[in-house]
Amino acid sequence: MAEQESLEFGKADFVLMDTVSMPEFMANLRLRFEKGRIYTFIGEVVVSVNPYKSLNIYGRDTIEQYKGRELYERPPHLFAIADAAYKAMKRRSKDTCIVISGESGAGKTEASKYIMQYIAAITNPSQRAEIERVKNMLLKSNCVLEAFGNAKTNRNDNSSRFGKYMDINFDFKGDPIGGHINNYLLEKSRVIVQQPGERSFHSFYQLLQGGSDQMLRSLHLQKSLSSYSYIHVGAQLKSSINDAAEFKVVADAMKVIGFKPEEIQTAYKILAAILHLGNLKFVVDGDTTLIEDGKLVSIIAELLSTKTDMVEKALLYRTVATGRDVIDKQHTEQEASYGRDAFAKAIYERLFCWIVSRINDIIAVKNSDTTIHGKNTVIGVLDIYGFEIFDNNSFEQFCINYCNEKLQQLFIQLVLKQEQEEYQREGIPWKHIDYFNNQIIVDLVEQQHKGIIAILDDACMNVGKVTDEMFLEALNSKLGKHGHFSSRKLCASDKILEFDRDFRIRHYAGDVVYSVVGFIDKNKDTLFQDFKRLMYNSSNPVLKNMWPEGKLSITEVTKRPLTAATLFKNSMIALVDNLASKEPYYVRCIKPNDMKSPQIFDDERCRHQVEYLGLLENVRVRRAGFAFRQTYEKFLHRYKMISEFTWPNHDLPSDKEAVKKLVEYCGFQDDVAYGKTKIFIRTPRTLFTLEELRAQMLVRIVLFLQKVWRGTLARMRYKRTKAALTIIRYYRRYKVKSYIHEVARRFHGIKTMRDYGKHVQWPTPPKVLHRFEEVLQAVFNRWRASQLIKTIPASDLPQVRAKVAAVEMLKGQRADLGLQRAWEGNYLASKPDTPQTSGTFVPVANELKRKDKYMNVLFSCHVRKVNRFSKVEDRAIFVTDRHLYKMDPTKQYKVMKTIPLYNLTGLSVSNGKDQLVVFHTKDNKDLIVCLFSKQPTHESRIGELVGVLVNHFKRPISSHHYVE
């Protein structure tokens, strides 16, 4: 059973219909088509409705969804059938086949291509080059065969006008290693004539539309389609196929497959020769038949690599052997035209068969030894013409419809056989099913001595002129009492049939009226021996090999060749025997309307196809009292969550007992039967109920699994985080210890070093110890400073402290702080600095000490001051621990201004060499002076002034503003 889609899309398997009836079948088919679901199952048969539009359901993602899955696990699809056939072939080493059937335009060729695409996509996972080469050639062969074997018809722009059966050989690993193609009944009459609205084979149009100008000139062709008699009927028709683009695709594909350049060129020459043959006209001059345009004969001879006179003789004369004598009998105009057309058809048929043969030679299984490589298995894909009913049905339609009768017979027989065998294996009583057995129609056509083909062959072998009317008369006399045969003579009141022309066969697909016109000629398939000898004698080896029978001379006795109908019958019997020996899978294609519209579903048109494809009978056979069956193991695997006795695993003796327990738990025991390995369910409703119960339980199971999984993930994350934190903690501890040990090692014995460890390089600390390192370095620096200070005399300590204070305040602000010299402090009392006036200053200083009670002199120095009149005056400053004095040295150091130190708010100095100083006061009467020294000159004393003041106050005076 297919995976349950929403019921808005209808039932995915026709077997699950509530009632098996045509109205319900059609309603479900229509609903699924309108909802874009073009595939539906009938058990293991896929019903495919042509959507007439591109659908995004064949990509790599879709392929992966079906790869290795059971049929019932995914929605209906071609890939499901392809995978089932592949699994049966690979797992059980069984030859399988996929039979694709349906009428023209139903999508058979596209279905076969998608199946090939799927098989190519899922094989050769190890990407072996030889396997890839075989896969590529198998895929490329499709477009080559379509070019030469397909044509636009009124029903389909890419209709296969031949039957194709392809065997794909696989090795024991399931990889394709080769293949073989059989072709059936190419509709070669299409080469010379087409019905209105139809075209000849694609190859002609592709050559004319896609060939380069140089190529066409070499073939004596022009691009105008209407210039050629054989194809001018379809010259103006629009087609969905881009002939010019396809020409390049086909040429590239032929190269990839392995066609040599000269072989490809020969194929083009044959196409060109056929087009020129169609333009040959015959005229009668008295009793003599002549060719109207001799130039065409020369062109044809050139293209076929033979002599002009030999071509002309073959077209106008027929060599006849009478006893030992050989004579040339001239054709009448009608005989010459017939011979020309027969020659054109024969050349094209030989070309097509040669292409198939060349592809077979290239893709054949090579160097395969079953003792080494194991048994080869095969998947066959049959894409053959569907049932055809045209306005004018001739010999080709008769053969095609006979083919479909044989395949329908095989289909019903194999499906019934499979069902009966399964019921017998499982011990389930078999219920007889009424179905239409078309053996009677098959016998009508192929029965020895009594069938239509036998009667047709007899007519063809009669001596003398035999007409189509005489053949129809023979049919009337021998088959007049057959229930599925009628003609106007047998049913005089049936005016649909023409006297002496038509007969009707009641096929399984419906009544078809055939016109006997041309039956005799098409069955004889007469081709004068002269043409065969002409082609055999060609200097082109490719052409020569296509006509081996041309080797025989006219006098050599040859057996009468088999007729076209007999050859086709034999090939059909062989095909059916071949298919019957394999495990079959079916794709039944349906055409929804004749307008090629993706929106229209023609009920009457589709009902007719459903009837003649026997789909309703297929459903009845498949149901046979039971709508569904499945092995106990797979049934339990799908539904075990419904019952507490089977979830998550049962402890019963067998899966069969577990399934019984589950069914009884749900209350369906009266609607099932138990086989040996499978359970059989009668009504679809039981299955739908099981699916609903399963869907409900799946929600709970998914939630439970999500809960458990999320808990598991959370615990895993917690454990990982905890472990990581433990590792980090121990690692940090290790790094800290390592750092401390390294510091201890490097600074060991620094007390004995001359610089007390100044030169020692500190190790790089871990990030967590950066702050610790700063503190440790500060401690070290203080210790080292204390060690250095111990060596300094006590009298020098105030000066050292002042210098340190100066550095802290002005480092980086001034270039020269005067650190290299001894700081005198009281320069006004120093004789080297003021030799003439030092004796005058000292009494003044002593008087100020007595008066203002200061304890220490901090600094004194000569300065220059610019007054408000821009006049420079010499002055002096005298700084004690209580006051700042401005003095006039020219008046015996008279005090001009006294500023208590507590009134100072700050000090600003410049960063140049000018030694400018600004003393800021609370009353904003700042004192601005410029320090200078007399001896030595230009000695910098700014650093000393700042240092002693800062050291005195034990803190910065204020935020310093450095004057530029």
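Residue numbers restart at each chain and count upward from 1, following the sequence in its written direction. Selection of residues for local features in this predicted model requires a pLDDT of at least 70, selection of side-chain atom pairs for listing and counting requires 80 or more, and totals for whole chains, interfaces and linings are taken over all residues. To obtain the side-chain values, all non-hydrogen atoms of the structure were used and water was disregarded.

Undergrad: Just to check I follow, could you spell out a nonpolar patch on the surface for this structure?
TA: Each patch is built from residues lacking any salt bridge and having more than 30% relative accessible area; the joining distance is 9 Å for like charges and 5 Å for nonpolar side chains (Val, Leu, Ile, Met, Phe, Trp, Tyr). The protein chains shown are the only cover counted for residues, whose accessible areas, like all others here, come from Shrake-Rupley with a 1.4 Å probe. For this document, the term salt bridge refers to a Lys or Arg side-chain nitrogen within 4 Å of an Asp or Glu carboxyl oxygen. On the surface, a cluster of nonpolar side chains totalling about 280 Å² of accessible area is made up of F704, L705 and V708. Helix numbering and strand numbering both begin at the N terminus, where a helix is a DSSP run of H or I of at least 4 residues and a strand a DSSP run of E of at least 2. Structurally, F704 is set in helix 26 (residues 684-746). Overall, F704 belongs to the partly exposed group, its relative accessible area being 48%. Remark: exposure states derive from per-residue accessible area (1.4 Å probe, protein chains only) relative to the maximum for the residue type, with buried under 20%, exposed over 50%, and partly exposed in between.

Undergrad: How should the sheet that holds strand 19 (residues 678-681) be read in this particular structure?
TA: Sheet strands pair via backbone hydrogen bonds, and the direction of the pair is either parallel or antiparallel. Here, strands pair whenever DSSP counts at least two bridges between them. Strands sit in the order 17-19-18 across an open sheet of three strands; the sheet is antiparallel. If you trace the sheet from one side to the other, it starts and ends with strand 17 (628-631) and strand 18 (672-674), each paired once. In this sheet, neighbouring strand axes are inclined to one another by 20 degrees on average, regardless of whether the strands run parallel or antiparallel. The pairing of strand 17 with strand 19 spans four bridges and is classified as antiparallel. What sits directly across from Q630, in strand 19, is I679. Here a residue-residue contact requires only that any non-hydrogen atoms of the pair lie within 4.5 Å. Note on definitions: angles span 0 to 180 degrees between N-to-C directions of axes, and those axes are lines fitted to C-alpha atoms, for helices only across the stretch in contact. Its contacts with the sheet put helix 14 (residues 395-426) on strand 17 and strand 19, and the angle it makes with strand 19 is roughly 115 degrees. Those strands touched by helix 25 (residues 655-666) are strand 18 and strand 19, and its axis lies near 165 degrees from that of strand 18.

Undergrad: Sorry, what's going on with the UniProt feature "binding site: ATP" (unreviewed entry) in the chain here?
TA: Residues given the UniProt feature "binding site: ATP" (unreviewed entry) here are G102, E103, S104, G105, A106, G107, K108 and T109. Mapped onto the elements, G102 comes out in the loop between strand 3 (96-101) and helix 4 (108-122). Each residue touching G102, except ones within four places of it in the same chain, is listed here: K108, Y385, G386, F387, C589 and L613. Inspection of the secondary structure assignment puts A106 in the loop between strand 3 and helix 4. UniProt positions are given in the numbering used here, feature names are shortened, and annotations may be inferred rather than shown by experiment.

Undergrad: What should I look at first to understand the packing of aromatic side chains in this one?
TA: The way to describe two aromatic rings as a pair is by their centre distance and the angle between their planes. What counts as a ring pair is set by centres within 6.5 Å for rings of Phe, Tyr and Trp (its six-membered ring), and what kind of pair is set by the plane angle: stacked under 30 degrees, edge-to-face over 60, tilted for all other angles. A full pass over the atoms with the stated rule returns 34 aromatic pairs. On the basis of an interplanar angle of 65 degrees and a centroid distance of 4.8 Å, the ring pair of F162 and F352 is categorised as edge-to-face. You can see F162 sitting in the loop between strand 5 (159-160) and strand 6 (163-170) and its partner F352 sitting in helix 12 (residues 333-363), a full 190 residues away along the chain. Residue F352 is classed as buried on the basis of its relative accessible area of 1%. Each member of the aromatic cluster is reached from another via a ring pair, and the members are F395, F398, F471, F485, F503, Y514 and F519. Over the face of the ring belonging to Y205 we find R199, whose NZ or CZ atom lies 3.9 Å from the ring centre. Both a distance and an angle decide whether a charge sits over a ring: NZ of Lys or CZ of Arg must be within 6 Å of the ring centre and within 35 degrees of the ring normal. We note K544 situated over the ring of Y536; from NZ or CZ to the ring centre the distance is 3.9 Å.

Undergrad: Please clarify how the sheet that holds strand 14 (residues 502-507) should be interpreted in this entry.
TA: Spatially, 13-14-15 is the arrangement adopted by the three strands of the open sheet, whose pairing is antiparallel. Every other strand in the sheet has two partners, leaving strand 13 (485-487) and strand 15 (510-515) as the edge strands with one partner each. Adjacent strand axes in the sheet meet at a mean angle of 25 degrees when their direction is disregarded. Bridge analysis of strand 14 against strand 15 gives six bridges, and the strand direction is antiparallel. The partner of F503 across the bridge, within strand 15, is Y514.

Undergrad: Can you walk me through the side chain of D83 in this structure?
TA: Considering the arrangement of structural elements, one finds D83 in helix 3 (residues 78-92). Note on D83: relative accessible area 2%, which makes it buried. For D83, the side chain forms a polar contact with the main-chain nitrogen of G68, separated by 3.2 Å. Apart from residues no more than four positions distant in its own chain, D83 is found in contact with Y66, K67, G68, R69, Y118 and I122. In protein, a polar contact requires one atom able to donate a hydrogen and another able to accept it; more generally it is a pair of N or O atoms within 3.5 Å, and residues adjacent in sequence count only if both atoms are side-chain atoms.

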